[in-house]
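What follows is each chain in one-letter form.
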Amino acid sequence: MTRPHSADGREPAAVELRGATVRFGTRTLWEGLDLEIPGGEFVAVLGPNGSGKTTLLRVLLGLQPVQAGEVLVDGHHVRRGGEGIGYIPQQKAIPEDVPLRARDLVGLGLDGHHLGLGLGGRRRRARRVDEALAAVGATGYAHAPVGRLSGGEQQRLRVAQALVGDPRVLLCDEPLLSLDLAHQRTVSRLIDERRRTAGTAVLFVTHEINPILPLVDRVLYLVDGRFRFGTPDEVMTSETLSELYRTDVEVLRVRERLVVVGVEESGHCHGAVAPAEEAVAP
Ligand SMILES: Nc1ncnc2c1ncn2[C@@H]1O[C@H](COP(=O)(O)OP(=O)(O)OP(=O)(O)O)[C@@H](O)[C@H]1O
């Protein structure tokens, strides 16, 4: 894909939203969203259930139209099936009878890539798949039927599938769920390495910022149509979160971890403790 340059010859941002607005019927999910994310940046996308985090990823994938504004990936207006994006979707178990081996699933991430025809092309493709499997520690089950693998094993394959095509932008929807601590570290390290060596921009949706906090350059925090975009030090403060949630929220730093007090969420917590648990913070 050719990369258009701006008038001053600079490379375009990996991701750019200008005044983007999404509405479902009469409900405005968010409006006037401006984001400019250069290659190599790691952005955590936070917010309570239903605040529109997954919808933002769907917008970037060209699966969800915006009602106003512009959305560009690598300088091109997004379209469904566009190149250059790797996507780790929110986890759903793969049905047991899906007739795919682990390496076939990873290979799907190369569909649409032109690696050449004939034996040479097939070899290049196989090598890329082998490397991606090895990177997530999945070589040992490369030939297993995917439906028989555990949730964590399947998740590592999704990560390999998203990375195998060398994406310019990597969209991750809670990719650490159901991974044990060792594999959470493997996967975060892999994503971090990719953005450092290949300049891939990362948008990482999560309810739990602490495992990735050292990697995060900026945070996009969405709450009920309001949003804030900035460094963790700018966004993860009592003042900013109290404004966003329109209630008193306290952000504490405890041994390099962020503890958000006063925000109750159903389902998950992003380093948050509900008021009844406040005393737990050591
Ligand atoms: N196609 C659609 N039509 C109508 N409403 C939709 C559609 N897609 C999403 N929504 C609504 O938009 C809101 C945001 O959904 P989204 O999945 O983006 O939230 P989220 O922040 O990722 O939530 P979670 O943390 O629970 O995963 C939800 O209330 C959802 O029901």
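In the block above lies the structure referred to throughout.
Definitions and limits used
- Every chain begins its residue count from 1, and numbering advances along the sequence as written.
- pLDDT decides what is reported in this predicted model: residues at 70 or higher carry local features, side-chain atom pairs at 80 or more are listed and counted, and totals for whole chains, interfaces and linings draw on all residues regardless.
- Remark: hydrogens and water are excluded; side-chain values derive from all non-hydrogen atoms of the structure.
- In short, DSSP must find at least two bridges between two strands for them to pair.
- Note on conventions: DSSP H or I runs of at least 4 residues are helices, E runs of at least 2 residues are strands, and numbering of each starts at the N terminus.
- It only takes one pair of heavy atoms within 4.5 Å for two residues to be counted as in contact.
- Note on geometry: axes are lines fitted to C-alpha atoms, helical ones only across the stretch in contact, with angles between N-to-C directions running from 0 to 180 degrees.
- Our angle categories are set so that under 35 degrees counts as roughly parallel, over 145 as roughly antiparallel, 65 to 115 as roughly perpendicular, and the remainder as oblique.
- Side-chain classes follow a simple rule in which Ala, Val, Leu, Ile, Met, Phe, Trp, Tyr, Cys and Pro form the nonpolar group, Asp, Glu, Lys and Arg form the charged group, and the remainder, Gly included, forms the polar group.
- By convention in these notes, a residue is near a molecule or strand provided one of its non-hydrogen atoms lies within 4 Å of it.
- Two N or O atoms count as a polar contact when they lie within 3.5 Å, although within protein this holds only if one can serve as hydrogen donor and the other as acceptor, and sequence-adjacent residues are included solely when both atoms are side-chain atoms.
- All accessibility values rest on the Shrake-Rupley procedure with a 1.4 Å probe; residue burial counts only the protein chains present in the view.
- Buriedness of a pocket was judged along seven lines, with at least five required to meet protein on both sides within 12 Å; pockets are open sets of points on a 1 Å grid over the protein atoms alone, cavities are sets where a 1.4 Å probe fits but cannot get out, and lining residues have an atom within 4 Å of a point.
- Grid points are joined across faces, edges and corners, and a volume is the space filled by probe spheres set on the points.

Visitor: Just checking my understanding: could you explain the sheet that holds strand β5 (residues 76-77) for this structure?
Guide: Backbone-to-backbone hydrogen bonds pair the strands of a sheet. The strands run either parallel or antiparallel. One open sheet holds the four strands; their spatial order is β2-β1-β4-β5, and the pairing between them is antiparallel. Every interior strand has two partners, whereas the edge strands, β2 (27-37) and β5, have only one. Pairing of strand β1 (residues 15-24) with β2, which is carried by seven bridges, proceeds in the antiparallel orientation. If you follow phenylalanine 24 over to β2, its bridge partner there is arginine 27. Across the face of the sheet, helix α1 (residues 53-60) comes into contact with β1, β2 and β4 (68-73) while running at roughly 120 degrees to β1.

Visitor: Help me understand the packing of helix α4 (residues 151-164) against helix α5 (residues 181-198) in this model?
Guide: How two helices sit against one another is set out by the angle between their axes and by the gap between those axes. α5 packs onto α4 with a crossing angle of 5 degrees between their chain directions and a minimal axis gap of 11 Å. With respect to their mutual orientation, α4 and α5 come out roughly parallel. Here Arg156, Val159 and Leu163 of α4 come into contact with α5, specifically with His183, Val187, Leu190 and Arg194. The residue inventory of the contact of α4 with α5, partitioned by class, reads four nonpolar, one polar and two charged.

Visitor: Looking at this model, I keep getting lost on the site of the ligand. Mind explaining?
Guide: In the vicinity of the ligand, 13 residues are found, and the nearest of them are Arg27, Gly50, Lys53, Thr54 and Thr55. In this structure, an oxygen atom belonging to the ligand sits 2.7 Å away from a side-chain N or O atom of arginine 27. Within the backbone of serine 51, a nitrogen or oxygen atom sits 3.1 Å from an oxygen atom of the ligand. For the ligand, whose unbound accessible area comes to 640 Å², protein coverage reaches 60%. When residues of the shell around the ligand are traced back to their parent elements, those giving at least two are β2 and α1. Here the shell around the ligand takes three residues from α1, the largest share from any one element. Class assignment of the residues belonging to the shell around the ligand gives a composition of three nonpolar, eight polar and two charged.

Visitor: Before we go on, may I ask you to explain the layout of surface pockets in this structure?
Guide: Over the atoms a probe the size of a water molecule is rolled, and this reveals where empty space is left. One number sums up the size of the second largest pocket: a volume of about 330 Å³. Every residue lining the second largest pocket is counted, 17 residues in all, and those nearest its centre are Leu176, Gln184, Thr206, Glu208 and Pro211. For the lining of the second largest pocket, the element with the highest residue contribution is α5, accounting for five residues. Per-class residue counts for the lining of the second largest pocket are seven nonpolar, six polar and four charged.

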